[in-house]
Amino acid sequence: MIELKGKNGEAVQLESGASGFELLKKTGVQDPKGIVALKLNGKLQDLSRPIHEPGEFELIGIKSPEGEAILRHSTSHIMADAVKKLFPSAKVTIGPAIENGFYYDFEYPPGFSDQDLAGIEARMKEIIKGDHPFKRQELSRADALKLFQDKGESYKVELINGLPEGEPISTYQHGDFIDLCRGPHLPSTRYLKAYKLLHTAGAYWRGDERNPQLQRIYGTAFADQGDLDAYLKRLEEAKKRDHRKLGRELDLFSLHEEVGPGFVIYHPKLGLVRAVLEEFLKKEHLKRGYQIAYGPTLLKSELWKRSGHYDHYRQNMYFTQIDEDQYGIKPMNCLSHMLIYKNGLRSYRELPLRYFELGTVHRHEKSGVLAGLFRVRAFTQDDAHIICTPDQLQGEVLGVMSFVLEVMDLFGFPVEMELSTRPADSIGADQDWERAISALDTALKQSGFPYQVNEGEGAFYGPKIDIKLKDALDRKWQCATIQCDFTLPERFDLSYMGKDGEKHRPVMIHRVVLGSIERFLGILIEHFAGAFPTWLAPVQARILPIADRHHNYAGQVADRLLEKGVRVELDLRNEKLNYKIRQAESEKIPFMLVVGDQEEQEQSVSARIRGREDLGKMTLEQLEGRILAEARMPETKSKPTRREVP
RNA sequence: GCCGAUGUAGCUCAGUCGGUAGAGCAGCUGAUUCGUAAUCAGCAGGUCGUGGGUUCAACUCCCUCCGUCGGCUCCA
């Protein structure tokens, strides 16, 4: 007999070698069918596996994150089974659970189309009905190789050969379908109640574009139909908020085949939002001791060679010729800022110098990655380069982090942080990289924020902290980034006079807060579903007179608000109030101000707020107070920085 | 760039078996002067993404290219 302890301290006596099912019975859990696996001493395993060791156990419910992952992984096996039955020439590769679902990659040169999905789903249904248990088997490397070689599953053979010595090799079988797999899995196919295949896609074997392209099928599965429906509804909701759709409907921006892919045309409404956002950014940067700079779009290729961009970033750059010289169109804003710094002798007393530029950059992105405002070929960054002494580096990184957090907080976005280290294609000395990484790492630790490390994902000139925000639909977006750079100061021979009267090398931080204005606007559009907060709304109030005889008074109300800087529009069209309201609502205008006989007599308005009901009548003073409170540009809590003559 | 899908009026979408296009909304004109999500009537609007091919005849079938969408790789 062995003793197992549950999470809540309950002890269960079990015969050594008994299965998880027996353990399940002994715990007397309410809904045994809702338990899909077991965690034994921290390791997940199938319910069917025998238990030999005492220790701690945890029952994994189908609705828990781990349970859902198991459910989805098993669903991918069942789908692979169905695909092999319908398309016997398809070769299986890998099929993991992912966030919100799963996929399975097949080598199947004819490719699957979305029409095939219904057939595959139907076949899956039959397999599920068969109530086949998932059976685990461990086998020797030689047996495993033979098994999959005989089946002609060359990708599985490659995977087995890649497994480290000593790692147990296991297969899972349900019905007559066997797959190389670590597990664990559902007890049987019947546990799968709610699933849906979503779409097909191409994907490279092992994610490398030099490898053959496989056919991927994405799907998802949930514990019950309700959860699946809720998820599908969320996808629908996301579709409704798609900034490309709203961009058209709200007349915000457009992209044109005749202009070129990835080049955004701002319509006046989004132009206004952008202008307000940029004003906000300028204020916040000035407040924090940044100085505004501007550089040209074209710089001679010689300069890009010096910076390393020509050798390491050329495939993303555009070049052009002027007279005898080749010029590069800037993909980053740093070079001009380097030249500002170099324009004179610098003293340690001047540092840190923080150059801020709303700089428009052009990058040659692959055609397949372009998407609305999210991924474009020309975009404007709220970019800055901080040049400081090595001693100041840590503090500056922390300063940028708190800047980003304050701004994200103001918009109401939660954030996540990531640290990216040295990539394969990079420049600079090892020791500089180490110093830079440790500077960022220390700053992160000091901030107390949890973070994840992405090995080899840094920029070619230095490591970076990426800050990702989460929007209203819980989707993550890369916006802010803080990059540490020792090599550009080296390449441009930047220096400053130290206290000791010697020349020293400064370090540099590249950083953006919102990142790309285009991307950030796209995120805002989706986050707010097009209903911008009043301070950003292109039109803040619209005045809706009931009949022609109220036009004069409507004009007076408009003038009064206009004088206070409110963005007001008059709807003097010969239409019924209902029509005007409907239109103002669909244009997401925050304040709708109805004026008729009563209002004119009382010198008031009847206000309606977007998405809500009638607020009732209010005097013009009340109205002004209310609108101005919402229309004022918000500010982060940081106090302005003093400036001294160095 | 690669895999798959897709492209008809400003927008959303019909268009059968191949016989050169239709609706709603938006627009314009007129009537209506109206109290919290669409007043009525009339008019106008399209080189069916591009170029080529098959055919007596192509929005429809085939090929090319371009754009877009979903992914892969990449990324702010």
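What comes next is a walk through the structure. (Residues numbered from 1 in each chain as written. Chains lettered and ligands numbered in written order. Predicted model: local features only at pLDDT ≥ 70, side-chain atom pairs only at ≥ 80, totals over all residues. Heavy atoms only, no water.)

Remarks on the overall build of chain A
Consideration 1: Assigned secondary structure in chain A consists of 19 helices and 35 strands.
Consideration 2: Overall size of chain A, expressed as C-alpha extent along the three principal axes, is 85 × 75 × 55 Å.
Consideration 3: Taking all contacts inside chain A whose residues are at least 6 apart in sequence as the whole, residues at least 24 apart take part in 69%.
Consideration 4: Accessible surface for chain A amounts to roughly 31,000 Å². Of this, 48% is attributable to carbon and sulfur atoms. (Helix = DSSP H or I, 4+ residues; strand = E, 2+ residues; numbered from the N terminus. Contact = heavy atoms within 4.5 Å. Areas by Shrake-Rupley, 256 points an atom, 1.4 Å probe, with all protein chains shown as cover.)

Focus on the sheet that holds strand β24 (residues 415-420)
Consideration 1: Across the sheet, eight strands lie side by side as β18-β22-β23-β30-β27-β26-β24-β25; this open sheet has mixed pairing. Among the strands making up the open sheet, the edge pair consists of β18 (291-292) and β25 (451-454).
Consideration 2: For β18 and strand β22 (residues 353-362), the ladder comprises two bridges, and the chain directions are parallel. By the bridge assignment, Ile292 is partnered in β22 with Phe356.
Consideration 3: Together, β18, β22, β23 (378-388) and β30 (507-516) form the strand contacts of helix α8 (residues 268-287), whose direction differs from that of β22 by roughly 160°.
Consideration 4: Relative to β30, helix α12 (residues 393-411) is tilted by about 5°, and along the sheet it contacts β22, β23, β24, β26 (464-470), β27 (476-485) and β30. (Pairing = 2+ DSSP bridges. Axes fitted to C-alpha atoms, helices over the stretch in contact; angles between N-to-C directions.)

Points about unusual backbone geometry
Negative phi characterises most residues that are not glycine, and trans characterises most peptide bonds.
Consideration 1: Cis geometry is found at the peptide bond from Gly183 to Pro184, where omega equals -5°.
Consideration 2: Within the secondary structure, Pro184 sits in the loop between β13 (177-180) and β14 (194-204).
Consideration 3: The omega torsion across Leu351 and Pro352 is 0°, close enough to zero to call that bond cis.
Consideration 4: By secondary structure assignment, the location of Pro352 is in the loop between α11 (334-342) and β22.
Consideration 5: Its identity as a non-glycine residue notwithstanding, Asn100 has a phi of 65°, on the positive side.
Consideration 6: Within the secondary structure layout, Asn100 lies in the loop between β9 (97-98) and β10 (101-107).
Consideration 7: According to the relative accessible area criterion, Asn100 is partly exposed, its value standing at 26%.
Consideration 8: Even without being glycine, Ala529 reaches a positive phi, approximately 50°. (Buried < 20%, exposed > 50% of the residue type's maximum accessible area, 1.4 Å probe, protein only.)

Focus on helix α15 (residues 517-527)
Consideration 1: In terms of burial, α15 is largely enclosed, as 10 of its 11 residues are buried.
Consideration 2: Listing the buried residues of α15 in full gives Ile517, Glu518, Phe520, Leu521, Gly522, Ile523, Leu524, Ile525, Glu526 and His527.
Consideration 3: Downstream of α15 by a residue or two, Ala529 has a phi angle that is positive, lying close to 50°.

With respect to the protein's contact with RNA strand B
Consideration 1: Surrounding RNA strand B, one finds 57 residues, the nearest of these being Tyr204, Gln213, Arg375, Asn574 and Glu599.
Consideration 2: Each atom of RNA strand B within 4 Å of the protein belongs either to a base or to sugar and phosphate, the latter forming 49%.
Consideration 3: A distance of 3.1 Å separates a base oxygen of RNA strand B from a polar backbone atom of Gly202.
Consideration 4: Tallied by class, the residues present in the surface near RNA strand B amount to 16 nonpolar, 19 polar and 22 charged. (Near = heavy atom within 4 Å. Polar contact = N/O pair within 3.5 Å; in protein donor to acceptor, adjacent residues only side chain to side chain. Nonpolar A, V, L, I, M, F, W, Y, C, P; charged D, E, K, R; others polar.)

Looking at the packing of helix α16 (residues 551-563) against helix α19 (residues 620-631)
Consideration 1: Where α16 contacts α19, the axes come no closer than 11 Å and their chain directions differ by 45°. Classed by the angle they form, the pair α16 and α19 counts as oblique. In terms of crossing hand, the pair formed by α16 and α19 is right-handed. Of the residues in α19, those in contact with Tyr553, Val557, Arg560 and Leu561 of α16 are Leu620, Glu621, Leu623, Glu624 and Ile627.
Consideration 2: Here the contact of α16 with α19 is built from residues that sort into six nonpolar, no polar and three charged. (Parallel < 35°, antiparallel > 145°, perpendicular 65-115°, else oblique. Left-handed = near helix turned anticlockwise from the far one by under 90°.)

Here's the deal with the pattern of salt bridges
Consideration 1: By the definition in use, this model includes 54 salt bridges.
Consideration 2: Glu66 serves as the salt-bridge partner of Lys39, at 2.8 Å between the closest nitrogen and oxygen. With Lys39 in strand β4 (residues 35-40) and Glu66 in helix α2 (residues 65-86), the pair connects residues that are 27 residues apart, well separated along the chain.
Consideration 3: For Glu66, a relative accessible area of 27% corresponds to the partly exposed category.
Consideration 4: One network of salt bridges, with partners in common, ties together Glu284, Lys287, Arg288, Glu406 and Glu635. (Salt bridge = Lys/Arg side-chain N within 4 Å of Asp/Glu carboxyl O.)

Some thoughts on the pairing of strand β2 (residues 11-14)
Consideration 1: Across the two faces of β2 the burial differs, with Val12 and Leu14 buried and Ala11 and Gln13 not buried at all.
Consideration 2: Here four bridges tie strand β1 (residues 2-5) to β2, and the two strands are oriented antiparallel to one another. Bridge pairing in β2 links Ile2 to Leu14.
Consideration 3: Between β1 and β2, which pair antiparallel and follow one another directly, the connecting turn spans five residues, one of which, Gly9, has a positive phi of 90°.

Here's the deal with the packing of aromatic side chains
Consideration 1: For the structure on display, the rule yields 19 aromatic pairs.
Consideration 2: Arranged with centres 4.8 Å apart and planes meeting at 15°, the rings of Tyr108 and Phe112 form a pair that is stacked.
Consideration 3: Relative accessible area serves as the criterion here: at 7%, Phe112 is assigned to the buried category.
Consideration 4: Taking 6.4 Å as the distance between ring centres and 35° as the angle between the ring planes, the aromatic pair formed by Tyr313 and Phe460 counts as tilted. Of this pair, Tyr313 sits in the loop between α10 (309-312) and β20 (318-322) while Phe460 sits in the loop between β25 and β26, placing them 147 residues apart in sequence. Pair check on accessibility: Tyr313 and Phe460 agree, each one buried.
Consideration 5: In this structure, Lys305 packs its charged tip against the face of Tyr310, placed 4.8 Å from the ring centre.
Consideration 6: The side chain of Arg306 reaches across the aromatic face of Phe492, ending 5.0 Å from its centre. (Phe/Tyr/Trp six-rings, centres within 6.5 Å; stacked < 30°, edge-to-face > 60°. Lys NZ or Arg CZ within 6 Å of the ring centre and 35° of its normal.)

Some points on the environment of Ile467
Consideration 1: Here Ile467 is to be found in strand β26.
Consideration 2: For Ile467 and Ile70, which are 397 residues apart along the polypeptide, the C-alpha to C-alpha distance reads 30 Å.

Here we look at a nonpolar patch on the surface
Consideration 1: Nonpolar side chains collect at one region of the surface, where Leu286, Ile292 and Tyr294 lie side by side and expose about 330 Å² of accessible area between them.
Consideration 2: Residue placement: Ile292 occurs in strand β18. (Patch = residues over 30% accessible without salt bridge, like charges linked within 9 Å, V, L, I, M, F, W, Y side chains within 5 Å.)

Structural notes on the nonpolar core
Consideration 1: With 64 residues, the main nonpolar core has Leu270, Val397, Phe411, Ile465, Leu469, Phe520 and Leu536 as its most contacted residues.
Consideration 2: Broken down by element, this core gets its largest block of residues, nine residues, from α12.
Consideration 3: In this structure Phe411 touches Leu277, Phe280, Phe520, Leu524, His527, Trp535 and Leu536, once residues within four positions along its chain are discounted.
Consideration 4: Residues Ala82, Phe102, Phe134 and Cys181 belong to the second largest nonpolar core, which totals 36 residues. (Core = buried A, V, L, I, M, F, W, Y, C linked by side-chain atoms within 4.5 Å.)

What about helix α17 (residues 577-586)?
Consideration 1: Within α17, burial applies to Lys580, Ile581, Ala584 and Glu585. All buried residues of α17 project into a common sector of 130° when viewed along the axis, lining one side. Projecting away from the buried face of α17 at angles above 90 degrees are the exposed residues Asn578 and Arg582.
Consideration 2: Taken together, the buried residues of α17 touch β31 (541-545), β33 (591-595) and β34 (604-609).
Consideration 3: Following α17 by one or two positions, Lys588 adopts a phi angle in the positive range, close to 60°. (Arc of directions from axis to C-beta.)

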